[in-house]
Amino acid sequence: MSAVPTPSSAISLTRYLIEEQRAGRINADLRLLIEVVARACKSISIAVGKGALGGVLGDAGTGNIQGEAQKKLDVLSNEILLEANAWGGHLAGLASEEMDTSHPIPDVYPRGNYLLLFDPLDGSSNIDVNISVGTIFSVLRAPDGVTQAEDKDFLQPGTAQVCAGYTTYGPSTMLVLTIGHGTHAFTLDREVGSFVLTTRDMQIPADTQEFAVNMSNQRHWQPPMQRYVGDLLSGKQGPRGKDFNMRWVASMVADVHRILTRGGIFSYPLDAKCADKGGKLRLMYEANPMAMLVEQAGGAASTGRQRMLEVQPTGLHQRVPVFLGSKREVETAVRYHHEFDAEQP
Ligand SMILES: O=P(O)(O)OC[C@H]1O[C@](O)(COP(=O)(O)O)[C@@H](O)[C@@H]1O
Ligand SMILES: [Mg+2]
Ligand SMILES: [Mg+2]
């Protein structure tokens, strides 16, 4: 069977970034930084794709700062991203889900003005069952004059992001990227080894009949979430007047990718199990980059009470409740929270 060739008119990630630089929307440093991240994601894609044959499945036998057991692929993906980016010359610091504190750029390496944050492998509980996982990343500017960043330098709201993206390692590997001018999807041409632009300007429909949430947490939710999902489930006969479908991959990257592709609302609300931590998902390298991608595609992202991108971070590994996706549906979920708050004495 012969491989289907990529058409010669195809726009590679490299060409897209050069065109954005020519248009004055990106500088050479940020362009090269994105290229390095994309290259690292290709290596992760190869490791994920080998599965059991690569000897990379299973637990690493270690835990991260957040008390989560690390998978071998969590550790490997973190190392791949660190190694590729630390010497890239465009960074003043790196931070990752898998590292307690930010990672300094060694003295002998060239430095730059950007900060890179990442969740090296998202949805890693799905690795051993061969379900899609991904990498999420966010790029910030280092504060003026900072060439070796400390944790506090990363604590900027999501509105300060200059770039956000994720790679999904699924049936195909895709990179979804924004530099603040729309959200665009690139598919990895595995034979050629390059990302090719396959959807320019992704647009999330404002309305939806699909929601994504871990329903097993229902009894732990707070009252506004109970009421919101209760109304979704009551379908046509209920106050929403329409039936809703549900999907939950349990890899944020895969769930958000579905929403960017066909609409929906993704939610990881506050529940009694994670209330003391502020939520389950991490603001700096999960919620914020996804919020920027979703907003750039015409959607909305909120904590339920505040626009996600305006949350002022207080810690590298800070957690938040998350509602994101189809604009009007996110606004509806937020309205349930405000109505509940307004009723409180
Ligand atoms: O186990 P649950 O409650 O379904 O949670 C799934 C969520 O946790 C995550 O797996 C957390 O990400 P990590 O795998 O990077 O820790 C999200 O991708 C996903 O949305
Ligand atoms: Mg994650
Ligand atoms: Mg992870």
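Residues numbered from 1 in each chain as written. Chains lettered and ligands numbered in written order. Predicted model: local features only at pLDDT ≥ 70, side-chain atom pairs only at ≥ 80, totals over all residues. Heavy atoms only, no water.

Within an unreviewed UniProt entry, the label attached to the chain reads Fructose-1,6-bisphosphatase class 1, and the organism entered is Lysobacter yananisis. Under the Subcellular location (unreviewed entry) heading, UniProt states for the chain: "Cytoplasm". Per its UniProt entry, the chain bears the Subunit (unreviewed entry) comment "Homotetramer." (UniProt positions renumbered as here; feature names shortened; annotations may be inferred.)

S.K.: Sorry, what's going on with the overall build of the chain here?
M.R.: Of regular secondary structure, the chain possesses seven helices and 16 strands. The globule rule puts the C-alpha radius of gyration for 345 residues at 20 Å, and the 20 Å found for the chain is close to it. Along the first, second and third principal axes, the C-alpha atoms of the chain reach 60 × 50 × 45 Å. In the chain, buried positions account for 56% of the 345 residues. Sequence separation of 24 or more characterises 64% of the internal contacts of the chain that already satisfy a separation of 6 or more. Counting only carbon and sulfur atoms, one obtains 52% of the accessible surface of the chain, whose full area is about 14700 Å². Of the side chains in the chain, 32 bear a positive and 38 a negative charge, and the two mean positions are spaced by 5 Å. (Helix = DSSP H or I, 4+ residues; strand = E, 2+ residues; numbered from the N terminus. Rg over C-alpha atoms; globule rule 2.2 N^0.38 Å. Buried < 20%, exposed > 50% of the residue type's maximum accessible area, 1.4 Å probe, protein only. Contact = heavy atoms within 4.5 Å. Areas by Shrake-Rupley, 256 points an atom, 1.4 Å probe, with all protein chains shown as cover. Lys, Arg positive; Asp, Glu negative; His and termini not counted. Charge placed at Lys NZ, Arg CZ, Asp CG, Glu CD.)

S.K.: Would you mind going over the coordination of the magnesium ion (ligand 3) with me for this structure?
M.R.: Reference values for angles at a metal are 109.5 degrees in the four-donor tetrahedral case and 90 or 180 degrees in the six-donor octahedral case. Every protein donor of the magnesium ion (ligand 3) is accounted for by Glu97 (OE), Asp119 (OD) and Leu121 (O), and the metal-donor separations fall at 2.1 to 2.2 Å. Mapping the donors of the magnesium ion (ligand 3) onto the primary sequence yields the spacing E-x21-D-x1-L. Between the magnesium ion (ligand 3) and the magnesium ion (ligand 2), a separation of 3.7 Å is found, and both are coordinated by Asp119. (Donors = N, O, S within 2.8 Å, 3.2 Å for Na, K, Ca; no water.)

S.K.: Help me understand helix H2 (residues 28-50), please; the structure alone is not making it clear to me.
M.R.: What sets the pattern is the α-helix's 3.6 residues per turn: residues three or four places apart point alike. The end-to-end C-alpha distance of H2 is 34 Å, a good match for the 33 Å that 23 residues give at a rise of 1.5 Å each. Capping the start of H2 is the job of one residue whose side-chain oxygen sits 3.2 Å from the backbone nitrogen of Asp29: Asn27. Positioned one or two residues after H2, Gly51 has a phi angle of 55°, which is positive. (Expected span 1.5 Å × (residues − 1). Polar contact = N/O pair within 3.5 Å; in protein donor to acceptor, adjacent residues only side chain to side chain.)

S.K.: Is there a simple way to explain the pairing of strand E7 (residues 173-178) in this structure?
M.R.: Along any regular strand, the residues point their side chains to alternate faces of the sheet. In terms of burial, E7 is largely enclosed, as six of its six residues are buried. Residues of E7 alternate between two faces, with Thr173, Leu175 and Leu177 on one and Met174, Val176 and Thr178 on the opposite face, all of them buried. Taken together, the six bridges between strand E6 (residues 163-169) and E7 define a ladder with antiparallel strand orientation. Bridging from a neighbouring strand, Thr167 pairs with Leu175 of E7. Strand direction decides the pairing type here: E7 and strand E8 (residues 183-189), joined by five bridges, are antiparallel. (Pairing = 2+ DSSP bridges.)

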